[in-house]
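Secondary and tertiary structure notes
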Amino acid sequence: FDTPARLPYRGTPQASLAEFYLLRGQADQALAVARALQVDTRTPATRVVAIVVEGEALLAQGQTDAARDAARRAKKSFDTARAGLTHEARYLDLFVAPYIEQLDTEIALHGKDPSDAEASIRKVANDLSQNPRFDAWGEGLFRLDRMASDARRAGRTTLATDVEAKMKVIDPDYVPGALSA
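My aim in this report is to walk through the structure given alongside it, one point at a time.

What counts, and where the lines are drawn
- Residues numbered from 1 in each chain as written.
- Predicted model: local features only at pLDDT ≥ 70, side-chain atom pairs only at ≥ 80, totals over all residues.
- Heavy atoms only, no water.
- Helix = DSSP H or I, 4+ residues; strand = E, 2+ residues; numbered from the N terminus.
- Rg over C-alpha atoms; globule rule 2.2 N^0.38 Å.
- Contact = heavy atoms within 4.5 Å.
- Areas by Shrake-Rupley, 256 points an atom, 1.4 Å probe, with all protein chains shown as cover.
- Lys, Arg positive; Asp, Glu negative; His and termini not counted.
- Charge placed at Lys NZ, Arg CZ, Asp CG, Glu CD.
- Salt bridge = Lys/Arg side-chain N within 4 Å of Asp/Glu carboxyl O.
- Buried < 20%, exposed > 50% of the residue type's maximum accessible area, 1.4 Å probe, protein only.
- Core = buried A, V, L, I, M, F, W, Y, C linked by side-chain atoms within 4.5 Å.
- Phe/Tyr/Trp six-rings, centres within 6.5 Å; stacked < 30°, edge-to-face > 60°.

**Observations concerning the overall build of the protein**
Of regular secondary structure, the protein possesses 10 helices and 0 strands. For 181 residues, the compact-globule estimate of 2.2 N^0.38 gives 16 Å, and the C-alpha radius of gyration of the protein, at 15 Å, lies within 12% of that figure. Taken along the three principal axes of its C-alpha coordinates, the protein extends 40 × 35 × 30 Å. Counted over contacts in the protein with a minimum sequence separation of 6, partners at least 24 positions apart contribute 62%. For the protein, the accessible area works out to roughly 9,100 Å², and carbon and sulfur atoms hold 53% of it. If you average the places of the 24 positive and of the 26 negative side-chain charges in the protein, the two averages end up 2 Å apart.

What follows is the structure in structure tokens.
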């Protein structure tokens, strides 16, 4: 996870190891890696995404309040980074904001009224399965995999099954990380 990133809006793949651990059901390791990435020597994009993955790991551990705190910190870090940029701010919106939205949605799944969160996840799954860009599919599979895993943890098995069906549209041979662990 130590590949160089020199532009402030790049570096989201540096959180891939933490995401991998999360997909494999190893929330403790995901949390450790995500926290290790939140240092000033990393790009703003890396730091924000690391905070988001920290929140997802905390959710996986059943620590919803701590995950909410991580979501607040991710938004604050995002806003601070965005304020320090000019024309590059739009790239943060494109590459980093979806991670924050994903965490917010996953937290909402654990709330009293998860219907909006379920609708949001279904929309993301549908959009990604219809997007012809290779990068959208590659990254999308892992995003959908994390969403399906969190839906299962939140007791939303029908939603998880529906998301996994969309994953099969992207790649019929893909085996979700949690199932292959």
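**Brief notes about the pattern of salt bridges**
If you walk through the whole model with that rule in mind, you get 14 salt bridges. Notably, a salt bridge pairs E19 with R146, separated by 2.8 Å at the nearest N-O pair. Of this pair, E19 sits in helix α1 (residues 16–23) while R146 sits in helix α8 (residues 134–153); the two residues are 127 residues apart in sequence, bridging distant segments of the chain. Note on accessibility: E19 and R146 belong to one class, buried. Between R68 and D65 there is a salt bridge whose closest N-O contact spans 2.9 Å. In this pair, R68 and D65 both sit in helix α4 (residues 64–83), 3 residues apart, roughly one turn of the helix. With relative accessibility at 58%, the residue D65 sits in the exposed group.

**Observations regarding the nonpolar core**
One finds V53, F78, L92 and V96 to be the most contacted residues of the largest nonpolar core, which totals 33 residues. Mapped by element, the contributors of at least two residues to this core are α1, α2 (27–36), α3 (44–60), α4, α5 (89–95) and α6 (97–109). For this core, the element with the highest residue contribution is α3, accounting for 10 residues. Listed in part, the 18 residues of the second largest apolar core include V124, A160, V163 and Y174.

**Brief notes about the packing of aromatic side chains**
By the definition in use, this model includes 3 aromatic pairs. Ring geometry for F20 against Y21: centres 6.1 Å apart, planes inclined by 50 degrees, an arrangement best described as tilted. Using a relative accessible area of 22% as the deciding quantity, one classes Y21 as partly exposed. Arranged with centres 6.2 Å apart and planes meeting at 75 degrees, the rings of F142 and Y174 form a pair that is edge-to-face. Residue F142 is located in helix α8, and its partner Y174 is located in the loop between α9 (157–170) and α10 (177–180); the two are separated by 32 residues in the primary sequence.

**A word on the environment of V33**
Mapping V33 onto the fold places it in helix α2. The exposure class of V33 is buried, given its relative accessible area of 9%. Each C-alpha atom of the pair V33 and A15 lies 7.8 Å from the other, and the pair is 18 residues apart in sequence.

Geometry only, nothing functional implied.
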